[in-house]
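Listed below, chain by chain, are the residues.
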Amino acid sequence: MPVTGRILNMTTELYQKAEGDLLYTFFISPSDNMCFHGKCSYYCDTSHAICGHPDTLEGSFAAFLPPSKIAPTKAWRHPWRRSYHKRRKAQWETDPDYCQLVREIPPYDKGRRLLDIMDMSVFDFLTGNMDRHHYETFKLFGNNTFTLHLDQGRAFGKPFHDEFSILAPVLHCCLLRQSTLETLLKFHNGPVKLSEAMRRSMSVDPVNPILWEPHLVALDRRVEIILKAIRDCITKGENPAALDENTT
């Protein structure tokens, strides 16, 4: 989603405008900072609160989506979701034929959805986001809708570590959109690398600088890793490795 950084006053812009369940989650910390933790099914408690300094908060703000009455959405469990269990692995971590199983299950058996999952995998690998458990779609467009990536809270955590398991959908299926491949090649070959494109984009953001320099270096390194994975797929001959976005 389109997003921008912003500095806000939690007292006047959040607390004084909050209603209902959200309002009751605001509190003053022992350090006299204004805090809130919101209302959700997990991790919404005082130990995971968002706090100001004392009530000034720097954050990222995404564009509003249409209200559900106008454009209802549907949440989907990501087929390569992690088990979130200390000892039990997800099926995709142990089954070498897992991609073929996914290909036989709607909505991944036809249309654009499986290709969207590949794009999501590339995006998450570039940003280091291991927490893609669900995604959403607009109900109105059925299986022709694009996917909505709404939760990037775990992105850009470890700039010196490349988590290959995030790339599992692409590695398992040897599948990628042609346009996505072309974009990756463009950033790999230049003249503008992905890191530089990000620097230029973030330079006009109200809270710039945003990313630590090693994160930008990691973007270029991860582009190379993805391209190598695609070359390996082509070498194995299991798949052309790149399909046009209109492929059904």
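No experiment lies behind these values; they were computed from the predicted model shown.

### Considering the nonpolar core
The nonpolar side chains of a soluble globular protein tend to be buried with one another.
Phase 1: With 37 residues, the main nonpolar core has W80, M118, L176 and I226 as its most contacted residues.
Phase 2: Within the residue set of this core, elements represented by two or more residues are α3 (98-103), α4 (113-127), α5 (168-173), α6 (178-189), α7 (194-202) and α8 (213-236).
Phase 3: Counting seven residues, the second-largest nonpolar core is a separate cluster that includes L8, M10, A18 and F36.

### A word on the domain arrangement of the protein
Phase 1: For the protein, the assigned domains read domain 1 (3-62) and domain 2 (73-236).
Phase 2: Here domain 1 and domain 2 have C-alpha centroids that lie 30 Å from each other.
Phase 3: Each side of the interface is counted separately: domain 1 has six residues, and domain 2 has four residues.
Phase 4: Both faces considered, domain 1 and domain 2 share a buried interface measuring about 350 Å² in area, 53% of it formed by carbon and sulfur atoms.
Phase 5: In this structure, the connection of domain 1 to domain 2 is made through zero salt bridges.

### Side note on the packing of aromatic side chains
Phase 1: Under the defined criterion, the tally for this structure stands at seven aromatic pairs.
Phase 2: Ring geometry for F160 versus W212: centroids 5.7 Å apart, planes at 90°, classification edge-to-face. Within this pair, whereas F160 is found in the loop between β8 (147-148) and α5, its partner W212 is found in the loop between α7 and α8, the two being separated by 52 residues in sequence. Note on accessibility: F160 and W212 belong to one class, exposed.
Phase 3: In this structure an aromatic cluster arises from ring pairing among Y15, F26 and F36.
Phase 4: Over the ring of F61 we find R6, and its NZ or CZ is 5.8 Å from the ring centre.
Phase 5: When the ring centre of W76 is taken as reference, the NZ or CZ atom of K74 above it lies at 4.8 Å.

### Concerning the sheet that holds β8
Phase 1: Ordered in space as β6-β7-β8, the three strands form an open sheet in which the pairing is antiparallel. Looking at which strands have only one partner, the edges of the open sheet turn out to be β6 (73-77) and β8.
Phase 2: Alignment of strand β7 (residues 134-138) against β8, held across two bridges, turns out to be antiparallel. Bridged to T137 within β8 is T147.
Phase 3: This element, α4, spans β6, β7 and β8 of the sheet and lies at about 135° to β7.

### Comments concerning the environment of F141
Phase 1: Examined against the element boundaries, F141 turns out to sit in the loop between β7 and β8.
Phase 2: Since its relative accessible area comes to 46%, F141 is described here as partly exposed.
Phase 3: Sequence-wise, F141 and T73 are 68 residues apart; in three dimensions their C-alpha atoms are separated by 9.9 Å.

### What about the side chain of H78?
Phase 1: Within the element layout of this structure, H78 appears in the loop between β6 and α3.
Phase 2: Setting aside chain neighbours within four positions, we find H78 in contact with I117, M120, R132, H133, H134, Y135 and P169.

### Some details on the UniProt feature "active site" (unreviewed entry) in the protein
Phase 1: The UniProt feature table records "active site" (unreviewed entry) at D131.
Phase 2: Mapped onto the secondary structure, D131 falls in the loop between α4 and β7.
Phase 3: A residue is classified by how much of its surface remains accessible, and D131, at 16% relative accessible area, is buried.
Phase 4: Ignoring sequence-local partners within four residues, the contact set of D131 consists of Y84, D151 and R154.

Calculation criteria
- In every chain, residue numbers begin from 1 and rise along the written sequence.
- Thresholds applied to this predicted model are a pLDDT of at least 70 for local features of residues and 80 or more for the giving and counting of side-chain atom pairs; totals over whole chains, interfaces and linings are not thresholded and use all residues.
- Processing note: side-chain calculations cover all non-hydrogen atoms of the structure and skip hydrogens and water entirely.
- Among buried residues, those of type Ala, Val, Leu, Ile, Met, Phe, Trp, Tyr and Cys that are joined through side-chain atoms within 4.5 Å constitute a nonpolar core.
- Per-residue accessibility, obtained with a 1.4 Å probe over protein chains only, is compared with the maximum for each type, and a residue is labelled buried under 20%, exposed over 50%, and partly exposed between these values.
- Helix and strand labels come from DSSP, where a helix needs a run of H or I of at least four residues and a strand needs a run of E of at least two; each type is numbered from the N terminus.
- Domain ranges listed in this record stem from an automatic or a database domain assignment.
- Only heavy atoms matter for contacts: two residues are in contact if any of them lie within 4.5 Å across the pair.
- Buried area is calculated as the accessible area (1.4 Å probe) missing from two parts once they are joined, with the contributions of both summed.
- By salt bridge we mean one thing: a side-chain nitrogen of Lys or Arg within 4 Å of a carboxyl oxygen of Asp or Glu.
- Each Phe, Tyr or Trp ring, with Trp reduced to its six-membered ring, pairs with another whose centre is within 6.5 Å; inter-plane angles below 30 degrees give stacked pairs, above 60 give edge-to-face pairs, and intermediate values give tilted ones.
- A positively charged side chain is recorded as over a ring if its NZ (Lys) or CZ (Arg) lies within 6 Å of the ring centre. The angle to the ring normal must also be within 35 degrees.
- Strand pairing is assigned whenever DSSP detects at least two bridges linking the two strands.
- All axes are obtained by fitting lines to C-alpha atoms, using only the stretch in contact for helices, and the reported angles, taken between N-to-C directions, cover 0 to 180 degrees.
- UniProt positions are given in the numbering used here, feature names are shortened, and annotations may be inferred rather than shown by experiment.

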